[in-house]
Amino acid sequence: MDQFAVILPAAGRSTRFGDGKQKKIYAELEGRAVWLRAVEPFLNRDDVAQIIIAIHAEDREMFERRYRPNVAFLGIQVIEGGEERSDTIAKALELVEPSVGYVAIHDAARPCLSRELVSAVFAAAIRHGAAIPARPVAETLKRVDSEGAIVETVPRDGLQTAQTPQVFRRDLIMRAYENRSALGAAAGVTDDARLVEAIGGVCRVVPGSIMNLKITTAEDLALATAILRLETPPPADEHRGPRFVDERFD
């Protein structure tokens, strides 16, 4: 069976979240932190051999205090990220186990990912070497100048919005990150597929989900809560995944 490592970059500063007391990935979402919700779809899968979360160095003491039982129970590796997102991923890639053939990179701020979408992207990556979930752009796109005036209407034909997890053959994503300085804009890279594209790799798209929301603002947290509440509860005797230690103590 093909084995996957999962990397969750969580070292950002959440500047757009609007809560000066905590970062978005640590906000509570239906009883659990956002990052725990994000990692949950990868748990209890026979094809996931390793999970790494990369946090900001300034969060280490708080993270250990709040989440040590969860991390120990779930077998998650915790590392400190780098200055930029690409630096964080590069550090995590160095720790991927040699037996792993594929690497999945998933935003720690996407807490509503379904297990079905994980399976679909994993399967596509095995077939094609690289795959991401994405959704066709539905809204009309406008290019706007610094003063708020419309400059042009951008044709949306063929445009899609990228989501995560983005999944790659290990050797492919390693080569892409080794080449990132040649791209000349590694500091602004927010999408790992871009680095793969830069070395000539082809990434296939699988249909993403409108439910696979990324938390950016406090409004997004409210939407994510609504999405989770829409989920149909399983029968009382069905296993719902690992039991989590209550991480809300401080």
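Residues numbered from 1 in each chain as written. Predicted model: local features only at pLDDT ≥ 70, side-chain atom pairs only at ≥ 80, totals over all residues. Heavy atoms only, no water.

A.B. asks: Sorry if this is basic, but what is going on with the pattern of salt bridges here?
C.D. replies: Pairing between side chains of opposite charge can happen when the charged atoms of each approach one another. Applying the stated criterion across every chain yields a total of 16 salt bridges. Across the pair Glu30 and Arg229 runs a salt bridge whose closest N-O atoms are separated by 3.0 Å. A residue pair is termed long-range when its members are at least 10 positions apart, and Glu30 in the loop between β2 (28–29) and β3 (32–33) and Arg229 in helix α8 (residues 218–230) qualify at 199 residues. Taking relative accessible area as the criterion, Arg229 reaches 59% and is therefore assigned exposed. Note that Arg85 and Asp107 form a salt bridge whose closest N and O atoms lie 3.9 Å from each other. Remark: Asp107 occurs in the loop between β6 (102–105) and α4 (115–128) and Arg85 occurs in helix α3 (residues 85–93); sequence separation between them is 22 residues. Taken as a pair, Arg85 and Asp107 share a single burial class, namely buried. Each of Arg60, Glu64, Arg68 and Glu80 takes part in one network of salt bridges that share partners. (Salt bridge = Lys/Arg side-chain N within 4 Å of Asp/Glu carboxyl O. Helix = DSSP H or I, 4+ residues; strand = E, 2+ residues; numbered from the N terminus. Buried < 20%, exposed > 50% of the residue type's maximum accessible area, 1.4 Å probe, protein only.)

A.B. asks: Looking at this structure, I do not really get the environment of Asp87. What am I missing?
C.D. replies: Within the fold, Asp87 resides in helix α3. Considering only alpha carbons, one finds Asp87 and Pro9, 78 residues apart in sequence, at a separation of 10.0 Å. Ignoring anything within four residues of it in the chain, the contact list for Asp87 reads Gly82 and Arg180. (Contact = heavy atoms within 4.5 Å.)

A.B. asks: I tried to follow a nonpolar patch on the surface on my own but got confused; where do I start?
C.D. replies: A surface patch of nonpolar side chains, amounting to about 330 Å² of accessible area, comprises Ile210, Met211 and Leu230. Tracing the backbone through its elements, the reader meets Ile210 in the loop between β12 (204–207) and α8. Under the relative-accessibility criterion, Ile210 is labelled exposed at 61%. (Patch = residues over 30% accessible without salt bridge, like charges linked within 9 Å, V, L, I, M, F, W, Y side chains within 5 Å. Areas by Shrake-Rupley, 256 points an atom, 1.4 Å probe, with all protein chains shown as cover.)

A.B. asks: Would you take a moment to explain the packing of aromatic side chains for this structure?
C.D. replies: What describes a pair of aromatic rings is the distance from one ring centre to the other and the angle between the planes of the rings. Tallied over the full model, the rule gives eight aromatic pairs. Between Phe4 and Phe122 the ring centres are 3.9 Å apart and the planes differ by 5 degrees, which places this aromatic pair in the stacked class. Pair noted here: Phe4 is in strand β1 (residues 4–10) and Phe122 is in helix α4, with a separation of 118 residues, a long-range link. Classification of Phe4 by relative accessible area gives buried; the value is 1%. Assessed through its relative accessible area of 2%, Phe122 is described here as buried. When the ring of Tyr26 is compared with that of Tyr67, the centres are 5.9 Å apart and the planes differ by 20 degrees; the resulting orientation is stacked. (Phe/Tyr/Trp six-rings, centres within 6.5 Å; stacked < 30°, edge-to-face > 60°.)

A.B. asks: Mind showing me how you'd approach the packing of α3 against helix α5 (residues 170–178) here?
C.D. replies: A pair of packed helices is characterised by two quantities: the angle between their axes and the separation of those axes. Where α3 contacts α5, the axes come no closer than 11 Å and their chain directions differ by 135 degrees. Between α3 and α5, the angle falls in the class oblique. α5 is crossed by α3, and the crossing has left-handed handedness. For the pair formed by α3 and α5, the contact residues are Arg85, Ser86, Ile89, Ala90 and Leu93 on the first element and Ile173, Met174 and Tyr177 on the second. Residue composition of the contact of α3 with α5, grouped by class: six nonpolar, one polar and one charged. (Axes fitted to C-alpha atoms, helices over the stretch in contact; angles between N-to-C directions. Parallel < 35°, antiparallel > 145°, perpendicular 65-115°, else oblique. Left-handed = near helix turned anticlockwise from the far one by under 90°. Nonpolar A, V, L, I, M, F, W, Y, C, P; charged D, E, K, R; others polar.)

A.B. asks: I tried to follow the nonpolar core on my own but got confused; where do I start?
C.D. replies: One recurring pattern in soluble globular proteins: nonpolar side chains tend to sit buried together. Trp35, Ile51, Ile53, Phe63 and Tyr67 are the most contacted members of the largest nonpolar core, which has 48 residues in total. Among the elements of the structure, β1, α1 (34–39), β4 (48–55), α2 (60–74), β6, α4 and α8 are those that each provide at least two residues to this core. It is α4 that contributes the most residues to this core, six residues altogether. Ignoring anything within four residues of it in the chain, the contact list for Phe63 reads Tyr26, Trp35, Ile53, Ile55, Arg68, Val71 and Val78. (Core = buried A, V, L, I, M, F, W, Y, C linked by side-chain atoms within 4.5 Å.)

A.B. asks: Honestly, α4 in this entry has me stumped. Any pointers?
C.D. replies: The α-helix advances 3.6 residues per turn, and as a result positions three or four apart in sequence lie on the same side. Between the first and last C-alpha of α4 there are 20 Å, a value that for 14 residues agrees with the 20 Å anticipated at 1.5 Å per step. Turning to α4, its buried residues number three or more, namely Leu117, Val118, Val121, Phe122, Ala124 and Ala125. Down the axis of α4, the smallest arc covering the buried residues is 165 degrees, so these residues share one side. Exposed positions of α4 whose direction lies more than 90 degrees from the buried face are Glu116 and Arg127. Contact partners of the buried residues in α4: β1, β4, β6, β7 (130–136), β11 (166–169) and β12. (Expected span 1.5 Å × (residues − 1). Arc of directions from axis to C-beta.)

A.B. asks: Explain the environment of Thr88 to me, please; I cannot follow it from the model alone.
C.D. replies: Position of Thr88 relative to the elements: it lies in helix α3. Put simply, Thr88 and Leu8 are 80 residues apart on the chain and 9.5 Å apart in space, counted from C-alpha to C-alpha.

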